[in-house]
Protein chains: 2
Amino acid sequence: MSARADRPGSGPATIIDVAEAAGVSRQTVTRAMNDMPGIKEATKERVLAAAKELAYRPSRFGRGLVGHTQRTVGLVVDDLMNPYYPQLASAVVSSARDRGWNVVLAQTAKAADQYTLIADLAKQADVVVGYPALTDNQAQEVLAGVPFVRIDMGEYTYGGGIQMDVGDAMGAMADHLLERGSRRPVLLDVGLPGFPSARGKSFLAAMSARGVQVPTVSAATKSLSSGVAGANALLEAHPDVDAIMTFNDIVACGALKALHEAGVDVPGQVRLAGCDGLNLGRFVSPELTTLAVDMGAVAEAAVGMALAMYAGEVPLQGARTQVAHHLLVRAST
Amino acid sequence: MSARADRPGSGPATIIDVAEAAGVSRQTVTRAMNDMPGIKEATKERVLAAAKELAYRPSRFGRGLVGHTQRTVGLVVDDLMNPYYPQLASAVVSSARDRGWNVVLAQTAKAADQYTLIADLAKQADVVVGYPALTDNQAQEVLAGVPFVRIDMGEYTYGGGIQMDVGDAMGAMADHLLERGSRRPVLLDVGLPGFPSARGKSFLAAMSARGVQVPTVSAATKSLSSGVAGANALLEAHPDVDAIMTFNDIVACGALKALHEAGVDVPGQVRLAGCDGLNLGRFVSPELTTLAVDMGAVAEAAVGMALAMYAGEVPLQGARTQVAHHLLVRAST
DNA sequence: TTGAAAGCGCTAACAA
DNA sequence: TTGTTAGCGCTTTCAA
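Not measured: the values here are computed from a predicted model.

How would you summarise empty space enclosed by the protein if you had to cite specific residues and measurements?
One pass over the full model with this rule turns up four cavities of 30 Å³ or more. Of the volumes computed, that of the largest cavity is approximately 270 Å³. If you list the elements that add at least two residues to the lining of the largest cavity, you get α5 (84-98) of chain A together with α5 (84-98) of chain B. For the lining of the largest cavity, the residue count by class is 12 nonpolar, six polar and no charged. Here the second largest cavity defines a volume of roughly 170 Å³. Arg60(A), Thr72(A), Arg60(B), Thr72(B) and Gln124(B) are the residues nearest the centre of the second largest cavity, which is lined by 14 residues in total.

Lay out the relation of the copies chain B and chain A in plain terms, naming residues and giving numbers.
If you rotate chain B by 180 degrees and push it 0.0 Å along the axis, it lands on chain A with an RMSD of 0.1 Å. The superposition operator between the copies reduces to a two-fold rotation axis. In this assembly, 100% of the residues forming the interface of chain B have copies in chain A that are likewise at the interface, indicating an isologous arrangement.

So what's going on with the packing of aromatic side chains? Residues and values would help.
For the structure on display, the rule yields 10 aromatic pairs over all chains. Note on Tyr84(A) and Tyr85(A): the rings are 5.2 Å apart at their centroids and 80 degrees apart in plane angle, and the pair reads as edge-to-face. Given the relative accessible area of 7%, Tyr84(A) is considered buried. The class of Tyr85(A) is buried, set by a relative accessible area of 11%. For the pair Tyr84(B) and Tyr131(B), a centre-to-centre distance of 5.8 Å together with 85 degrees between the ring planes defines the contact as edge-to-face.

I'd love a proper account of the protein's contact with DNA strand C, names of residues and values included.
Near DNA strand C, the surroundings consist of 27 residues, among which Gln27(A), Thr43(A), Ile15(B), Arg26(B) and Tyr56(B) are the closest. Considering the 4 Å shell around the protein, atoms of DNA strand C inside it are sugar or phosphate in 55% of instances. Within the side chain of Arg26(A), one N or O atom sits 3.5 Å away from a base nitrogen of DNA strand C. One of the side-chain nitrogen or oxygen atoms of Asn34(B) is found 3.0 Å away from a phosphate oxygen of DNA strand C. Listed by contribution, the elements that provide at least two residues to the surface near DNA strand C are α2 (26-33) and α4 (60-66) of chain A together with α2 (26-33) and α4 (60-66) of chain B. In the surface near DNA strand C, the residues fall into 10 nonpolar, 11 polar and six charged.

Outline the side chain of Thr333(B), supporting the account with residue identities and numerical values.
Residue and element names in this part refer to chain B. Here Thr 333 lies in the segment after β12 (326-328). Take Thr 333: its relative accessible area is 2%, and that puts it in the buried class. With residues up to four places along the chain from it excluded, the contact list for Thr 333 reads His 176, Leu 177, Arg 180, Pro 267, Arg 271, Leu 272, Ala 273 and Thr 289.

How would you sum up the pattern of salt bridges? Please name residues and give values.
Residue and element names in this part refer to chain B. Within the structure shown, the criterion is met by 16 salt bridges over all chains. Two residues, Asp 276 and Arg 199, come together in a salt bridge whose shortest N-O distance is 2.8 Å. Taken as a pair, Asp 276 in strand β9 (residues 271-276) and Arg 199 in helix α9 (residues 198-209) lie far apart in primary sequence, 77 residues in all. Arg 199 shares its class with Asp 276; the two are buried.

Describe in detail helix α6 (residues 114-124) of chain B, supporting the description with residues and values.
Residue and element names in this part refer to chain B. Taken together, the buried positions of α6 are occupied by Leu 117, Ile 118, Leu 121, Ala 122 and Gln 124. The arc enclosing the buried residues of α6, seen along the axis, measures out at 160 degrees, which places them on a common side. The distance from a side-chain oxygen at the start of α6 to the backbone nitrogen of Tyr 115 is 3.0 Å, and the residue carrying that oxygen is Asp 113.

I'd love a proper account of the state of the cysteines, names of residues and values included.
Going through the model one piece at a time under the given rule, you end up with zero disulfides over all chains. Of all cysteine sulfurs in the structure, the one in Cys253(B) sits closest to Cys253(A), which takes part in no disulfide; the separation is 10 Å. Take Cys253(A): its relative accessible area is 0%, and that puts it in the buried class.

Please give an account of the interface of chain B and chain A that cites residues and values.
In many reports, interface size means the accessible area that the parts give up when they come together. Every contact between the two is made by 60 residues of chain B and, on the other side, 60 residues of chain A. Around 5400 Å² of area is buried between chain B and chain A when both sides are counted, 57% of it from carbon and sulfur atoms. Where chain B packs against chain A, one counts six salt bridges. The partner of Asp126(A) in a salt bridge is Arg60(B), with the nearest N and O atoms 3.0 Å apart. When residues of the side of chain B that touches chain A are assigned to their parent elements, the largest contribution, seven residues, is made by α5(B).

An account of the UniProt feature "domain: HTH lacI-type" (unreviewed entry) in chain A is requested, with residue identities and associated values reported.
UniProt annotation of "domain: HTH lacI-type" (unreviewed entry) refers to residues 13-67 of chain A when read in the numbering used here. Between the C-alpha atoms that bound residues 13-67 of chain A there is a distance of 21 Å. The span itself is 65% helix and 0% strand.

Residues and numbers for unusual backbone geometry, please.
A negative phi angle is the norm for most residues apart from glycine, just as the trans form is the norm for most peptide bonds. Residue Val266(A) is joined to Pro267(A) through a cis peptide bond whose omega torsion reads 10 degrees. Mapped onto the elements, Pro267(A) comes out in the loop between α11 (249-261) and β9 (271-276). Of the consecutive residues Ser285(B) and Pro286(B), the connecting peptide bond is found in the cis state with omega at -5 degrees. Looking at the element boundaries, Pro286(B) is found in the loop between β9 and β10 (289-292).

Can you explain the sheet that holds β12(B)? Please cite residues and give values.
Residues and elements named next belong to chain B. Within the open sheet, the six strands sit side by side as β7-β6-β8-β9-β10-β12. Their pairing is mixed. Lying at the two open borders of the sheet, with one neighbouring strand each, are β7 (216-219) and β12. Adjacent strand axes in the sheet meet at a mean angle of 20 degrees, parallel and antiparallel pairs treated alike. As defined by bridge partners, strand β6 (residues 185-190) adjoins strand β8 (residues 243-246) across four bridges and the pair is classed as parallel. Bridge pairing in β8 places Pro 185 opposite Ala 243. Strands β8, β9, β10 and β12 of the sheet are contacted by helix α8 (residues 167-179), whose axis makes an angle of about 165 degrees with β10.

The rules behind each value
- Sequence positions are assigned chain by chain, starting from 1 and proceeding in written order.
- All chains are assigned letters beginning with A, and all ligands numbers beginning with 1, in the order in which they are written.
- The predicted nature of this model means local features are confined to residues of pLDDT at least 70 and side-chain atom pairs, given and counted, to a pLDDT of 80 or more, with totals for whole chains, interfaces and linings taken over all residues.
- Computation of side-chain values covers all heavy atoms of the structure but excludes hydrogens and water.
- For each structure, a 1 Å grid was placed over the protein atoms alone; sets of points admitting a 1.4 Å probe that cannot get out are labelled cavities, open sets with protein on both sides within 12 Å along at least five of seven lines are labelled pockets, and lining residues have an atom within 4 Å of a point.
- Grid points are joined across faces, edges and corners, and a volume is the space filled by probe spheres set on the points.
- Think of it this way: any DSSP run of H or I at least four residues long counts as a helix, any run of E at least two long counts as a strand, and we number them from the N terminus.
- Under the scheme applied here, ten amino acids are nonpolar (Ala, Val, Leu, Ile, Met, Phe, Trp, Tyr, Cys and Pro), four are charged (Asp, Glu, Lys and Arg), and all others, including Gly, are polar.
- For the least-squares superposition of copies, only C-alpha atoms count, and only for residues with pLDDT at least 70 in both.
- Any two residues whose heavy atoms approach within 4.5 Å are treated as being in contact.
- Any two of the Phe, Tyr and Trp rings considered here, Trp counted by its six-membered ring, make a pair once their centres fall within 6.5 Å; the pair's planes then place it as stacked at under 30 degrees, edge-to-face at over 60, or tilted in between.
- We call a residue buried when its accessible area falls under 20% of the maximum for its residue type, exposed when it is over 50%, and partly exposed in between, using a 1.4 Å probe and counting protein chains only.
- Here, proximity means that at least one heavy atom of the residue falls within 4 Å of the molecule or strand.
- Pairs of N or O atoms within 3.5 Å make up the polar contacts considered here, provided that, within protein, one atom can donate a hydrogen while the other can accept it, and that residues adjacent in sequence are counted only when both atoms are side-chain atoms.
- Between Lys or Arg on one side and Asp or Glu on the other, a salt bridge is scored when a side-chain nitrogen of the former is within 4 Å of a carboxyl oxygen of the latter.
- Along the arc lie the directions from the helix axis toward the C-beta atoms.
- Only a pair of cysteine sulfur atoms within 2.5 Å qualifies as a disulfide here.
- By definition, the buried area sums, over both parts, the 1.4 Å-probe accessible area that each loses when the two are put together.
- UniProt positions are given in the numbering used here, feature names are shortened, and annotations may be inferred rather than shown by experiment.
- Here a strand pair is declared whenever DSSP counts at least two bridges between the two strands.
- Lines fitted to C-alpha atoms define the axes, with helix axes restricted to the stretch in contact, and inter-axis angles between N-to-C directions lie between 0 and 180 degrees.

This is the structure:
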């Protein structure tokens, strides 16, 4: 018993019900519903009235079946509560909309079974884009045949990918910190001590190339609280630190809190920089210097690539696009 | 020419192509693809191989047409770059997923034509939930017949609604500020001077009921930069202020930046509070005291209501659910 | 201006 | 275990 069925017991109204109610053929109903030419105004109104009366809604399945025109991209993010993903999602939704595609959203962090989650998504979408927490093999299994673009590809290889290489910008960051007078910078990385992240390595290399050996402290995870803890550990291990490069903006925010609470002035005593270019960095005081990536460009590249794969203009394997970070100097350095 | 069509010129493979390639009937293909019983293992493997070979993907339209089982909720937000919406979206996606529904996302802020945007969304979704920037009349036109739940309904009336009433919590906030010793609180509202927001009024009333007359300063918009500017204006007009209640957490972050830059200690000299309970409030120093809403509860209520409307268990008009704010004391007060 | 016929891709029900 | 029939709701021919 659906409220949408004004003909109890028979489910939602179909085009046939409307046709009967209005005393016309189904084609005439189609003409009326879709503002097509070749229908008398009076007829049209009668049909529309009948449709309204019956609470008729054209089935998107019926429509999709005949006119191959309803395309959707599946977007996989880890967790929208992490400020990184909304920025991506916002850009992806815009890019997709510009091209007439819809976006269905899947969030892996809160899902019991990621595998199933993404398998389901692949059934609803024509292409999949984003950050599935799946190995290449898993992705291949689940997505078999669905054009797939991984964002921030790293070491993955399956499908297409957007590569966000931070290397050049890291050099600019190193120059910037040194120019501002830093002599004892420390890296606040994430992960296990002794296993630096790609970003971390990149910073160490950039500094090393400039003749500065940088010690590393590792925060446990990429979270705010880890940033706080990590920065406190860092202050203890390196009390004379004069600049901190962090794994990302979130960790940087944590570090900023720790510094604030420790009474350390930023950037006066310690310069602090993040990575990602999150809008979040503008909400804190002082605003965060960061290595920013143009999310609009990332989304455009990802959606564009996925759609090209869908259209057969680009192979399902091997496509790569680089998007570079750039130094965004704000008040914290 | 699609990469997915291994039979050039004829579009993507269909179930019939697979059936022919494997030398079986379509029904057998269905059995193989859907892990249905009653099919010999060898046959199944042969079919699956053919499917893989042809890059066959079952059409979701064909499927949706026959098994009435693919439901999606359309979620309308203003702008995911505004930290409020991701929090809602995250919860809505989770709630929907728990019930086996998909979520398609529409963002009004960046859309040229909101009316069309939402009309399109309504065609892709079975129910619509969120914050469409449409009047009741517009919403009725565009959504005619689609179950619709507006979140934070305010003065709107069309469809179902979640009402987020801040009244009680505002009393708790007033008590809290007074207990902490504030004697000269000021309201940092948004909008035109002389036209206080509902929240603003609520705070003024709560304070008035406690014998304190609170002056108001208005920030132009609900943005971070407006918060900065508003707080600066406030400091000028009320140099002896000892507590600031802001319209929301974003404005509060702006105010916090202004106070920080003016060298005013928070909460030592001025206590500062926001509204909404955004996660953002935990990223700044000191963490923001706020009137929080449980977004999980809001999403559950909204999705639950929309689905009930869809199922005909609740009328399309008039359903209302209240979700209360609560005082969340953190470090800024 | 309207209607009839055909078919989009799939699965449920039944028959073999 | 497999195949056949029927039909989901819609739009695009084509004919009237």
